[in-house]
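# Coordinates in review
If you want the building blocks of each chain, they are given just below.
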2 protein chains.
Amino acid sequence: MKPHVIIIGGGFGGLKAAKLLGKSGRVKVTVLDRKNHHLFQPLLYQVATASLNPSDIAMPIRQILGAQTDTNVLMENVLSVDLAGKTVITESDRHPYDYLVMACGSSHSYFGHTDWEPLAPGLKTIEQALEIRRRVLTALELSEKEKDPKVQTRLLTFIVIGGGPTGVELAGALAELAHSIVSTEFDNIESARIRVVLVQGDARLLLAFSPALSEKAKLALEKKGVEVLMGRHATEITALGVRLGDEFIESATVLWAAGVKPSPLNGMLGVPLDRQGRVLVAEDLSVPGHPEAFVIGDQAHFETPKGPLPGLAPVAMQQGLAVGTNILRDLDKKSRKPFRYLDKGIMAVIGRSFAVTEFHGLELSGFPAWAMWLFVHIMYLVGHRNRIIVLINWAWSYLTFQRGARLITLASWRDADLGQAGRVTVAAATPAEVSAVLPGAAVPAAGKVPG
Amino acid sequence: MKPHVIIIGGGFGGLKAAKLLGKSGRVKVTVLDRKNHHLFQPLLYQVATASLNPSDIAMPIRQILGAQTDTNVLMENVLSVDLAGKTVITESDRHPYDYLVMACGSSHSYFGHTDWEPLAPGLKTIEQALEIRRRVLTALELSEKEKDPKVQTRLLTFIVIGGGPTGVELAGALAELAHSIVSTEFDNIESARIRVVLVQGDARLLLAFSPALSEKAKLALEKKGVEVLMGRHATEITALGVRLGDEFIESATVLWAAGVKPSPLNGMLGVPLDRQGRVLVAEDLSVPGHPEAFVIGDQAHFETPKGPLPGLAPVAMQQGLAVGTNILRDLDKKSRKPFRYLDKGIMAVIGRSFAVTEFHGLELSGFPAWAMWLFVHIMYLVGHRNRIIVLINWAWSYLTFQRGARLITLASWRDADLGQAGRVTVAAATPAEVSAVLPGAAVPAAGKVPG
């Protein structure tokens, strides 16, 4: 009877482990994920800004692994893990394992301000990307028919909180999207009135990069019309905008790219965590005291001389392979290899044709960096069809300046609710949420509440 | 000052009128739509069955008409029309007009059983297509991990109610989707256990076609594994299934393709309607007594020697052009031309490589009909990019038998709610709705309620 390996999470790390172990034919693999799809998160900001379709960057885990023998994929919501009893408890079953790989990734952290989530969606899932797309496009549609210039200004102001790669990429693409479609397709609003504000708490953007590249990224963003506010923190977020200390910037569309926190599963394991809640793993990525249980990717804190490894796709992928390899070495009665991260460099892209990359001290920026970014991202995208479709979409957008996926779709599918499309609120997921923030606010709240 | 033409609805008919009038440069055009996009409904069933992405068959109305001078596009929810005062009342404004073109299309009719809507979504909007996709794919995921064979059978039973083109196309594509992915990617369920049931109230399918073609369509469906039940009516729909007279078929996924009703706007006009609620229009498509107001497409009842014209895209398109032409003739002080429909024939497609078409008595079926269907649909699709992408998607699916858009996405985007993915209910939009139907039903209701 083959040993049973359970992998929680079909992200970059989980998939690598599942493929390697599945191909070996020496273990039974079960992949548990609450989603049915693997998501290529590095391109998620392009779904949020209407350049790509969800399925261009996501693929069913079942479709990726389905052909593998002895590999079982279940769409399951994991409730807890019993490390002592070597069992994963999900909502529909208990799953005993011989080996466990936890690769659950991370979600957004609002630093205790959980009430900010409905007002400022983050960008971790397809659902969130579509919500951001809906809010951005709806704000423009509402501003086109708005009579009150003050409200119009609020609708035309977009605030992105957080100056890391996600915030930088989102702000750059957002500025391009808004300016291009407003200047060509809107009659009642001037593209010059659009404000895209990027709020960064630290003294510079992209802390992971060199100060020189941070500065280049800042200039590239400003060239695209993004206002970069450095050293500022959001102290209040409402349906009407964001307070930065003593300044309140009115905005109907606030997006969150500031903080992430690892899977809540970590809290249930009863093992030592770092301050951010990541599991402090051993050098073979196992949980101290539980050699058969591994934690990888954003969920793990792997210490190196330069500090803990960052939450990057290459880190998760290499860790997935390392864990799979060590499980097979166990079966061969060989000693495990400690994990070593092979630095693949870092990249951030700012709209069309500009990026910054850093690779072992070698710094690149501008078009060459962008070309490299494009090549790498197409290469790592899962599925040939997706590569073809994404390339065509990019070529089309590059040549025509058009976005392929500028649809406003609603959460509700009921005919009765579809009237909402005309009065859909921007700054909150539902009118109810607006009224919650602003007692007595009439629908369409975000558009109509007197400033 | 140019006369002001308001067009309500950016569907097939409204767009044709807007383009013709906008290009003429002789009138000011305002297009009002509660959605921001034009939708190519004939291919919507392919979004519901995971072959195409929403934006492959939908395009922002603003993007289609934005370049036109004197054409204004507003995403507006129309509340009512004051025919006497020549004013359209929307949620955010009052819009006076010189000419009005109403092209609001139709929505689903549950024949008074409004409580059936949450249990059996129809297929008229992108939101509904995505909801159908979510339910179908979720039912398969739940059945893969279900232990109770009785519940598994319910999860593997799909019922489509209505044997018109929509029901036939949906059932055919659904059977192909379910059988192909279950046979290749699922470990715990047999594709032989999948039941796709098409329920038709009349004595034959596709009443608009000849009896011979109806029979061919029936055989083609049965070849794909669809059970066709003729002369049966749904008398009850619950989260557990459908009652057809004295038989109750357990099913977690019930889809509605039975009836349509015109826009509720018709009821507010205070003009004569037919039994289905369509406006009885004059031979120039104007509202009797209001020569400056026109009604076209599904919303209108245009009488011909063969009875009223059906709700087809070609009818709406030709009527849009006819109305635009007559408005321009008014400006030239020329007499209006009565509308004449040029029959473009009818088509229905059943999965890959089979279709039936009828054109002026000429009947075609099988592959040639399918090739014609494919050509016509690519040709009428709006946007070059969409044509390219759809062709690639089709070619890819045809060669690989894979679907490009098999994503389960949820209505909610909040991290807190995403756990739902693992327990998302199939037969109802929300667990609450299941409990409403089945008091005391535990979540995951559709999957777990004892039969």
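Notes on the structure follow. Bear in mind that the values here come from a model prediction, so they are computed numbers and not experimental data.

### Thoughts on the overall build of chain A
- Looking only at helices and strands, chain A has 14 helices and 27 strands in total.
- Against the globule reference of 22 Å for 451 residues, chain A gives a C-alpha radius of gyration of 23 Å, in line with a compact fold.
- Counting only C-alpha atoms and orienting by the principal axes, one finds that chain A spans roughly 75 × 50 × 45 Å.
- Here chain A, with 451 residues, has 61% of them falling under the buried criterion.
- Taking as baseline every contact in chain A between residues at least 6 positions apart, the subset at least 24 positions apart corresponds to 64%.
- Here chain A displays about 16600 Å² of accessible surface, and carbon together with sulfur accounts for 59% of that area.
- For chain A, the centre of its 47 positive side-chain charges and the centre of its 43 negative side-chain charges are spaced 5 Å apart.

### Let's talk about the relation of the copies chain A and chain B
- At an RMSD of 0.0 Å, chain A and chain B line up after a rotation of 180° and a shift of 0.0 Å along the axis. Given the turn and translation reported, the copies of this chain are related as if by a two-fold rotation axis. For chain A, the minimum C-alpha distance to the rotation axis belongs to Ala411 of chain A and amounts to 2.3 Å.
- Interface overlap between copies is the fraction of interface residues in one copy that are interface residues in the other; for chain A against chain B it reaches 100%, indicating a shared surface.

### What to know about the side chain of Arg329 of chain A
Residue and element names in this part refer to chain A.
- Tracing the backbone shows Arg329 in helix α9 (residues 313-331).
- For the buried residue Arg329, which engages in no salt bridge, the nearest side chain bearing the opposite charge is Asp330, 7.1 Å off.
- Ignoring any residue separated from it by four or fewer positions in sequence, one finds Arg329 in contact with Lys334, Ser335, Arg336 and Lys337.

### Considering the packing of aromatic side chains
Residue and element names in this part refer to chain A.
- For the structure shown, the criterion picks out 16 aromatic pairs over all chains.
- Each ring, one from Phe12 and one from Phe40, has its centre 5.6 Å from the other, and the planes form 75°; the classification is edge-to-face. With a gap of 28 residues between them, Phe12 in helix α1 (residues 12-24) and Phe40 in the loop between β3 (37-39) and α2 (44-48) connect regions that are remote in the sequence. With respect to burial, Phe12 and Phe40 carry one shared label: buried.
- Where Phe367 meets Trp370, the ring centres are 5.4 Å apart and the plane angle is 45°; that geometry is what we call tilted.

### Description of the environment of Glu127 of chain A
- Mapping Glu127 of chain A onto the fold places it in helix α4 (residues 126-145).
- Since its relative accessible area comes to 4%, Glu127 of chain A is described here as buried.
- A C-alpha to C-alpha distance of 9.1 Å links Glu127 of chain A and Pro54 of chain A, two positions 73 residues apart in sequence.
- A polar atom in the side chain of Glu127 of chain A sits 2.5 Å from the side chain of Lys35 of chain A.
- From its side chain, Glu127 of chain A meets the backbone nitrogen of Leu410 of chain B in a polar contact 2.9 Å long.

### Considering the pattern of salt bridges
All names here are of chain A.
- If you walk through the whole model with that rule in mind, you get 44 salt bridges over all chains.
- A salt bridge links Glu131 to Arg134, with the shortest nitrogen-to-oxygen separation between them at 2.9 Å. Placement of both Glu131 and Arg134 in helix α4 is noted, with a separation of 3 residues, approximately one turn of the helix. Residues Glu131 and Arg134 agree in their burial class; the two are buried.
- Note that Glu185 and Arg406 form a salt bridge whose closest N and O atoms lie 2.6 Å from each other. Taken as a pair, Glu185 in helix α6 (residues 165-185) and Arg406 in the loop between α11 (384-400) and α12 (415-418) lie far apart in primary sequence, 221 residues in all.
- Using a relative accessible area of 9% as the deciding quantity, one classes Glu185 as buried.

### Comments concerning the sheet that holds strand β7 (residues 87-90) of chain A
Residue and element names in this part refer to chain A.
- On the basis of which strands lie adjacent, the open sheet formed by 3 strands has the order β6-β7-β8 and antiparallel pairing. The open sheet terminates on both sides in strands that have one partner only, identified here as β6 (78-82) and β8 (94-96). Strand-to-strand twist of the sheet, defined as the mean angle between neighbouring strand axes without regard to direction, takes the value 20°.
- Summarising the sheet, β7 and β8 pair through 3 bridges and their orientation is antiparallel. If you follow Thr87 over to β8, its bridge partner there is Pro96.

### What to know about the pairing of strand β2 (residues 28-33) of chain A
All names here are of chain A.
- For β2, a buried count of 5 out of 6 residues is recorded, marking the element as mostly surrounded by other parts of the structure.
- Sheet topology note: the strand β1 (residues 4-8)/β2 ladder contains 5 bridges and is parallel. Directly across from Ile7, in β2, lies its bridge partner Val31.
- Traced from β1 through α1 to β2, the parallel crossover comes out right-handed.
- Alignment of β2 against strand β5 (residues 71-75), held across 5 bridges, turns out to be parallel. Across the sheet, the residue bridging to Thr30 is Asn72, located in β5.

### Quick look at helix α9 (residues 313-331) of chain B
All names here are of chain B.
- Compared with an ideal rise of 1.5 Å per residue, which puts 19 residues at 27 Å, α9 spans 28 Å between its outermost C-alpha atoms and is within 8% of the ideal.
- Most of α9 is tucked away, with 14 of its 19 residues classed as buried.
- Where α9 ends, the next residue or the one after it, Lys333, has phi of about 60°, a positive value.

What counts as what
- Residues numbered from 1 in each chain as written.
- Chains lettered and ligands numbered in written order.
- Predicted model: local features only at pLDDT ≥ 70, side-chain atom pairs only at ≥ 80, totals over all residues.
- Heavy atoms only, no water.
- Helix = DSSP H or I, 4+ residues; strand = E, 2+ residues; numbered from the N terminus.
- Rg over C-alpha atoms; globule rule 2.2 N^0.38 Å.
- Buried < 20%, exposed > 50% of the residue type's maximum accessible area, 1.4 Å probe, protein only.
- Contact = heavy atoms within 4.5 Å.
- Areas by Shrake-Rupley, 256 points an atom, 1.4 Å probe, with all protein chains shown as cover.
- Lys, Arg positive; Asp, Glu negative; His and termini not counted.
- Charge placed at Lys NZ, Arg CZ, Asp CG, Glu CD.
- Least-squares fit on C-alpha atoms with pLDDT ≥ 70 in both.
- Salt bridge = Lys/Arg side-chain N within 4 Å of Asp/Glu carboxyl O.
- Phe/Tyr/Trp six-rings, centres within 6.5 Å; stacked < 30°, edge-to-face > 60°.
- Polar contact = N/O pair within 3.5 Å; in protein donor to acceptor, adjacent residues only side chain to side chain.
- Pairing = 2+ DSSP bridges.
- Axes fitted to C-alpha atoms, helices over the stretch in contact; angles between N-to-C directions.
- Right-handed = clockwise from strand over helix to strand, strands pointing away.
- Expected span 1.5 Å × (residues − 1).

Any link to function would need more than the numbers given here.
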